[in-house]
Amino acid sequence: ENQPSFTVDLLLDASASRLHCQEVIAAQGSILAQSLAACGIPVRVSSFSSLRGYTVLRVLKGFADKNLQNINRYFASGWNRDGLALRAVDWLLRRTGEQQRLLLILTDANPNDDTRLPGTGNQFFSRDYSGKPAVADAAEEATALRRHGNPPLCLFSGREGDLSSARTIYGRDVVRLPSVGWFAQTVGKIIQGRLQALES
């Protein structure tokens, strides 16, 4: 189709836990973006991490950007405040119109930040942004994305012990990757399924 009926948003966890595989993630992201561009499917690739108390969302490739080289600028550092990153993505998606969107998030589902959660309601004291409070915060923002018509699909590439956190945050919308090297291939199959569903 000259005008595809949906767009793909790819969000990459860029916290320090991804340091051991950052080159593979960048390469897989480039392969995927190149494949989608060849099919005429608009794709945007972004990454997130928290540095010095700020959550930074970097758009490595915009929908209209034909240059894929910036995806190779993906690098891992700092912390990850997943809830705030999901809120930022929700804001970004709601600015891009009513077109159908496929939101894919590559993460290890282990939110952890050095800036604490403020106390609210019956919880007077601040809490660490880690463990159950951080997972609950991310799950709340994932629910908001679904409510706004942008359900996130988690591409999980973390430890066995964090799989339950991924399911708490994203519900049934979790695809477990055997390794990060399967990232582009797995997304390709997901998009094929989306295209077949649209045709039927």
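Please read these numbers as outputs of a predicted model, since none were measured by experiment. (Residues numbered from 1 in each chain as written. Predicted model: local features only at pLDDT ≥ 70, side-chain atom pairs only at ≥ 80, totals over all residues. Heavy atoms only, no water.)

Undergrad: Sorry, what's going on with the overall build of the protein chain here?
TA: Scanning the protein chain from terminus to terminus reveals 5 helices and 8 strands. Sequence-ordered secondary structure for the protein chain, helices as α and strands as β, is β-α-β-β-α-β-β-β-α-β-α-β-α. Along the three orthogonal principal directions, the C-alpha set of the protein chain runs to about 55 × 35 × 30 Å. In the protein chain, which comprises 200 residues, the proportion classed as buried is 46%. Considering only contacts in the protein chain between residues 6 or more positions apart, those separated by 24 or more positions represent 70%. Counting only carbon and sulfur atoms, one obtains 51% of the accessible surface of the protein chain, whose full area is about 10500 Å². (Helix = DSSP H or I, 4+ residues; strand = E, 2+ residues; numbered from the N terminus. Buried < 20%, exposed > 50% of the residue type's maximum accessible area, 1.4 Å probe, protein only. Contact = heavy atoms within 4.5 Å. Areas by Shrake-Rupley, 256 points an atom, 1.4 Å probe, with all protein chains shown as cover.)

Undergrad: Would you take a moment to explain the packing of aromatic side chains for this structure?
TA: We describe a pair of aromatic rings using the distance from one ring centre to the other and the angle between the two ring planes. Throughout the structure, instances matching the rule amount to 0 aromatic pairs. If you follow Arg81 out to its NZ or CZ, it ends over the ring of Tyr129, 4.2 Å from the centre. (Phe/Tyr/Trp six-rings, centres within 6.5 Å; stacked < 30°, edge-to-face > 60°. Lys NZ or Arg CZ within 6 Å of the ring centre and 35° of its normal.)

Undergrad: Mind showing me how you'd approach the environment of Gln28 here?
TA: Note on placement: Gln28 falls in helix H1 (residues 22-38). Looking at Gln28, the relative accessible area reads 12%, which means it is buried. Beyond its immediate chain neighbours, meaning those up to four positions away, Gln28 contacts Val180, Gly181, Trp182, Phe183, Ala184 and Gln185.

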